[in-house]
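Chain and residue survey
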Amino acid sequence: MTEAKKLYIKTYGCQMNVYDSERMAEAMGGAGYTEVQSAEEADMILLNTCHIREKAAEKVYSELGRFRDLKDAKPDLKIGVAGCVAQAEGAEIMRRQPLVDLVVGPQSYHRLPEMEAEVRKGGTALDTDFPELDKFAQLKARPKAKRGPTAFLTVQEGCDKFCAFCVVPYTRGAESSRPAARILDEARDLVERGVREITLLGQNVNAYHGLGEDGGDWSLARLIWALDKVDGLERIRFTTSHPNDMTDDLIEAHGTCAKLMPYLHLPVQSGSDRILKRMNRNHTAESYLRVIERIRAARPDILISGDFIVGFPEETEADFQATLDLIEAVEYGTAYSFKYSTRPGTPAAERAQVDAGEADERLRRLQALLTRQQRTVQDAMVGREMDVLFEKPGRQEGQMVGKSDYLHAVHADAPNVAIGELARVRIIESKTNSLAGMLI
Ligand code: 5AD
Ligand code: SF4
């Protein structure tokens, strides 16, 4: 028997890349590879990259440079670049960094094993096509391994929204949804392997409209209701959503579907209507606030999360103040905020940029406000009773760590609770980045 070859995958960026990396590892398992945790032991290194902001791509190039010594020591080592930098830069990656043997875009992962075989013969391989098929259905997985209690499941990819700052419509292509039957099969399989909580992923997940099991066109809410019936699955989440796709049935599901968790990540990017228009968001601050109001009417305790960009071209102090006002109005439980980063090829790249020092200062002020809100929302959990899905042992003897319905990390003294168990907990203390709880 030949010895298994070793694959090291380093994942950058969003949760969809985490999911893709798992699928690539499984597919390469079928080609005789086992996954390892360090580049030093690997026969093949894959960087699954992110292109959303400038620094992300630069990190990839500097990481690639560090592999030179490894490749000198082991000439058979193959290096591949996957993900959105691969899609955006294509063959340019191999020109800029000749250490790279293989470049594979996010829509071509099913071809990875054959591309690996190609580069083993010498030479390079490149595939950044957008084929019309469900790549996940094409990926051949190795025998089923046991899994932890939480998993991602990609249900939708790509985006047709074309926000003026964003590369996603170019790197991930047009919106497409996987058929519900495949998603349900995958969910049932995950549950058999130990998964209790599934997060449905899509760049625009609430725009999901896939082929239903009844032959009809299913919305995300419809899909969630079908997943609700999967025995053994305890929790359903989804991310990331666009405000304009928060349909009535999805809002309603937050009030009526017990497995759907009270947490909504709903990016708004800015609170200024003038900037929202320039961003091509197709909604206003007011319409966003109305969606939040409706979702809170359906599920009063829901935790709201958001994304913000500061220093978008032409943003004035008054525009920025409107963003702070919107944040005050919403009260976010958690949020991600970024300084605008020019992405070549996007409409906003051509426009007058905000002074970098000014943008830094705005980001600092915005993050100070968001951190305060996050803390207030977390502190308000103290004294409440809630379910925690325990995921791993804590630092102290007998301690376990898990997540609440609201996605807060909770640790508790729970020596008899198993990984993957949902247990009822009373929250007794709010710490910097977690809650302390007591089993009831
Ligand atoms: N600059 C800064 N932030 C960006 N995002 C997307 N594109 C850019 C960019 N060019 C942020 C948005 C999005 C999140 C995933 O990344 O807030 O919601
Ligand atoms: Fe990018 Fe999201 Fe806008 Fe689509 S909706 S273009 S993924 S920011």
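Notes on the structure in this doc start here. (Residues numbered from 1 in each chain as written. Chains lettered and ligands numbered in written order. Predicted model: local features only at pLDDT ≥ 70, side-chain atom pairs only at ≥ 80, totals over all residues. Heavy atoms only, no water.)

1. Quick word on the overall build of the protein chain
Scanning the protein chain for helices and strands turns up 15 helices and 21 strands. Relative to its length of 440 residues, the protein chain is compact, with a C-alpha radius of gyration of 22 Å against a globular reference of 22 Å. For the C-alpha atoms alone, the extent of the protein chain along its principal axes is close to 60 × 60 × 50 Å. The buried share of the protein chain, reckoned over its 440 residues, is 55%. The long-range share in the protein chain, meaning contacts at least 24 apart out of those at least 6 apart in sequence, stands at 71%. (Helix = DSSP H or I, 4+ residues; strand = E, 2+ residues; numbered from the N terminus. Rg over C-alpha atoms; globule rule 2.2 N^0.38 Å. Buried < 20%, exposed > 50% of the residue type's maximum accessible area, 1.4 Å probe, protein only. Contact = heavy atoms within 4.5 Å.)

2. What to know about the site of ligand 2
Lining the immediate environment of ligand 2, one finds Cys159, Lys161, Phe162, Cys163, Phe165, Cys166, Val168, Pro169, Asn204, His242 and Arg281. When grouped by side-chain class, the residues that make up the shell around ligand 2 number seven nonpolar, two polar and two charged. (Near = heavy atom within 4 Å. Nonpolar A, V, L, I, M, F, W, Y, C, P; charged D, E, K, R; others polar.)

3. Some thoughts on the nonpolar core
Counting residues in each nonpolar core, the largest one holds 77 residues, and the members touching the most others are Leu200 and Tyr332. Counting contributing residues, this core receives three or more from each of domain 1 (5-127) and domain 2 (141-261). Setting aside residues no more than four positions away along its own chain, tyrosine 332 makes contact with Val268, Tyr288, Ile304, Ser305, Gly306, Phe308, Leu326, Ile327, Leu370, Gln373, Gln374 and Val377. Tyr8, Val85, Met94 and Leu99 belong to the second-largest nonpolar core, a separate cluster that totals 25 residues. (Core = buried A, V, L, I, M, F, W, Y, C linked by side-chain atoms within 4.5 Å. Domains from an automatic or database assignment.)

4. A look at the site of ligand 1
In the vicinity of ligand 1, the residues found are Ile52, Arg53, Phe165, Gln269, Asp307, Ile309, Phe338, Lys339, Tyr340, Ser341 and Arg343. Separating a nitrogen atom of ligand 1 from a backbone N or O atom of phenylalanine 165 is a distance of 3.0 Å. Bound to the protein, ligand 1 loses 87% of the 400 Å² it would expose on its own. Elements that contribute at least two residues to the shell around ligand 1 include exactly strand S15 (303-310) and strand S16 (334-339). Across the shell around ligand 1, the residue classes tally to five nonpolar, two polar and four charged. (Polar contact = N/O pair within 3.5 Å; in protein donor to acceptor, adjacent residues only side chain to side chain. Areas by Shrake-Rupley, 256 points an atom, 1.4 Å probe, with all protein chains shown as cover.)

5. Some details on the sheet that holds strand S14 (residues 263-265)
Within the open sheet, the three strands sit side by side as S14-S15-S16. Their pairing is parallel. The sheet terminates laterally at S14 and S16, the two strands that pair on one side only. Within this sheet the neighbouring strands show an average axis-to-axis angle of 10 degrees, counted without direction. The strands touched by helix H15 (residues 356-379) within the sheet are S15 and S16, with S16 carrying the most contacts at an inclination of about 175 degrees. (Pairing = 2+ DSSP bridges. Axes fitted to C-alpha atoms, helices over the stretch in contact; angles between N-to-C directions.)

6. Side note on the pattern of salt bridges
As a working rule, side chains carrying opposite charge can pair if their charged atoms are close by. Per the stated rule, a full pass over the model turns up 40 salt bridges. Linking glutamate 317 and arginine 362 is a salt bridge whose minimum nitrogen-to-oxygen distance equals 3.9 Å. Note that glutamate 317 is positioned in helix H14 (residues 317-330) and arginine 362 in helix H15, a separation of 45 residues in sequence. For arginine 362, a relative accessible area of 4% puts it in the buried group. The network of salt bridges with common partners includes Glu22, Arg23, Glu26, Arg147, Asp189 and Arg193. (Salt bridge = Lys/Arg side-chain N within 4 Å of Asp/Glu carboxyl O.)

7. Focus: the sheet that holds strand S6 (residues 125-127)
Hydrogen bonds between backbone atoms are what pair the strands of a sheet, whose relative direction is either parallel or antiparallel. Sheet architecture is open: six strands sit in the order S2-S1-S3-S4-S5-S6, paired in parallel fashion. If you trace the sheet from one side to the other, it starts and ends with strand S2 (33-35) and S6, each paired once. Ignoring strand direction, the axes of neighbouring strands in this sheet form an average angle of 20 degrees. Where strand S3 (residues 44-49) lies against strand S4 (residues 78-82), five bridges are found, and the strand directions are parallel. From the neighbouring strand, methionine 44 faces S4, where its bridge partner is lysine 78. Relative to strand S1 (residues 5-11), helix H1 (residues 15-29) is tilted by about 170 degrees, and along the sheet it contacts S1, S2, S3 and S4. Contacts between helix H2 (residues 54-65) and the sheet are confined to S1, S3 and S4, with S3 contributing the most and set at about 170 degrees to the helix.

8. Digging into the environment of glutamate 54
Along the chain, glutamate 54 falls in helix H2. A relative accessible area of 44% means that glutamate 54 is categorised as partly exposed. Each C-alpha atom, one on glutamate 54 and one on proline 344, is 9.5 Å from the other, the two residues being 290 residues apart in sequence. Here glutamate 54 is in contact with Ser341, Thr342 and Arg343, once residues within four sequence places are set aside.

9. Details of the packing of aromatic side chains
One pass over the structure, following the stated rule, counts five aromatic pairs. Each ring, one from tyrosine 19 and one from phenylalanine 136, has its centre 5.1 Å from the other, and the planes form 75 degrees; the classification is edge-to-face. Note that tyrosine 19 is positioned in helix H1 and phenylalanine 136 in helix H7 (residues 135-138), a separation of 117 residues in sequence. For the pair tyrosine 19 and phenylalanine 136, a shared accessibility class is recorded, and that class is buried. Note on phenylalanine 312 and tyrosine 340: the rings are 5.5 Å apart at their centroids and 75 degrees apart in plane angle, and the pair reads as edge-to-face. Placement of phenylalanine 312 in the loop between S15 and H14 and of tyrosine 340 in the loop between S16 and H15 is noted, with a sequence separation of 28 residues between them. (Phe/Tyr/Trp six-rings, centres within 6.5 Å; stacked < 30°, edge-to-face > 60°.)

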